[in-house]
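# Tertiary structure, described
Below, each chain spelled out in residue letters.
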Amino acid sequence: GYIKVKKGIERFVEHGVVFTGDTEETKLDCVIMATGYKQHCQFVDPSIVDLRWHRSGNDVPLWLGVFPISQHGDTIAFINFIQSITFLAADLQSRLACARIKGHINPPPLKEQKEYMEKLRKTMCTQHLDRQQLRVQYGAFYNYYKLIARWIGCYPSFSLLLKERPSAFWHAWLTNWNPCTYR
């Protein structure tokens, strides 16, 4: 048989599909939908952060995967917009967003945010051979959770634990600390 790449399925019918712009059914044995993975948010002004579908590349220019790297970075937050290991990323990101919007934390200057994003992008491109759809997986590293936990102040500390909850100290001492469980 033959494989033909074609875009724009308008609807499925009994023995195939009708493609966008066609009036006739195209008979098919199989449909393989290779959609890729590209986040987009058409309603956000591209001058704040470019998340249009037709932007070049799949980079998500968000500091810590949450805030636009722009002067508007403290007015909008994207929760769970990057690929992460667990749902707990959304919890940590939400807490980070609330702390930032309330003014409890101040991110580094825009230049440092951009440098961090570029370093992260290089890491992703090296790990995934610069595959566009995989550049957004930086939430798949334990250090990502550790970094956010430190920013919002929930990173475990033996000295704080000993001071505030001495009865829990031995439990913490004998337990593995997993960044996915920082709460």
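About the criteria used
Residues numbered from 1 in each chain as written. Predicted model: local features only at pLDDT ≥ 70, side-chain atom pairs only at ≥ 80, totals over all residues. Heavy atoms only, no water. Helix = DSSP H or I, 4+ residues; strand = E, 2+ residues; numbered from the N terminus. Buried < 20%, exposed > 50% of the residue type's maximum accessible area, 1.4 Å probe, protein only. Contact = heavy atoms within 4.5 Å. Areas by Shrake-Rupley, 256 points an atom, 1.4 Å probe, with all protein chains shown as cover. Pairing = 2+ DSSP bridges. Salt bridge = Lys/Arg side-chain N within 4 Å of Asp/Glu carboxyl O. Axes fitted to C-alpha atoms, helices over the stretch in contact; angles between N-to-C directions. Parallel < 35°, antiparallel > 145°, perpendicular 65-115°, else oblique. Left-handed = near helix turned anticlockwise from the far one by under 90°. Nonpolar A, V, L, I, M, F, W, Y, C, P; charged D, E, K, R; others polar. Phe/Tyr/Trp six-rings, centres within 6.5 Å; stacked < 30°, edge-to-face > 60°.

Counting secondary structure elements, the protein chain contains five helices and five strands. The helix and strand sequence of the protein chain, counted from the amino end, reads β-β-β-β-β-α-α-α-α-α. Out of the 183 residues in the protein chain, the part that is buried amounts to 33%. Across the protein chain, the fraction of contacts at a sequence separation of at least 24, relative to all contacts at a separation of at least 6, is 49%. Carbon and sulfur atoms provide 55% of the accessible area of the protein chain, an area that totals close to 12,400 Å².

Both strand 1 (residues 9-13) and strand 2 (residues 16-19) contribute to a ladder of four bridges, which runs antiparallel. Paired with I9 across the bridge in strand 2 is F19. Connecting the antiparallel pair strand 1 and strand 2 is a turn made up of two residues. Taken together, the two bridges between strand 2 and strand 3 (residues 26-27) define a ladder with antiparallel strand orientation. Within strand 3, the position partnered with G16 by the bridge is K27. The hairpin formed by strand 2 and strand 3 contains six residues between the paired strands, and G21 there has a positive phi angle of roughly 90°.

Attention shifts here to the pattern of salt bridges. By the definition in use, this model includes three salt bridges. The salt bridge involving K6 is made with D22; its shortest N-O contact spans 3.5 Å. With a gap of 16 residues between them, K6 in the segment before strand 1 and D22 in the loop between strand 2 and strand 3 connect regions that are remote in the sequence. On the basis of relative accessibility, which here comes to 46%, the residue K6 falls in the partly exposed class. Between D91 and R95 there is a salt bridge, with its nearest N and O atoms 4.0 Å apart. Taken together, the positions of D91 and R95, both in helix 1 (residues 88-102) and four residues apart, correspond to about one turn of that helix. Since its relative accessible area comes to 31%, R95 is described here as partly exposed.

As a further point, take the packing of helix 1 against helix 3 (residues 142-152). At a closest axis distance of 9 Å, the pairing of helix 1 and helix 3 adopts a crossing angle of 30°. Overall, the two elements helix 1 and helix 3 adopt an arrangement that is roughly parallel. As for how helix 1 packs across helix 3, the hand of that crossing is left-handed. Residues L88, A89, L92, Q93, R95 and L96 of helix 1 lie in contact with helix 3, whose contacting residues are Y144, Y145, I148, W151 and I152. Among the residues forming the contact of helix 1 with helix 3, the class breakdown is nine nonpolar, one polar and one charged.

Across all of its chains, the model carries three aromatic pairs by this definition. A ring pair is formed by W63 and W151, whose centres lie 5.1 Å apart and whose planes are at 90°; its orientation type is edge-to-face. Of this pair, W63 sits in strand 4 (residues 62-63) while W151 is found in helix 3, placing the two residues 88 residues apart along the sequence. Seen in terms of ring centroids, Y144 and Y145 are 5.9 Å apart; in terms of plane orientation they differ by 85°. Their pairing is edge-to-face. Each member of the pair, Y144 as well as Y145, carries the same accessibility label: buried.

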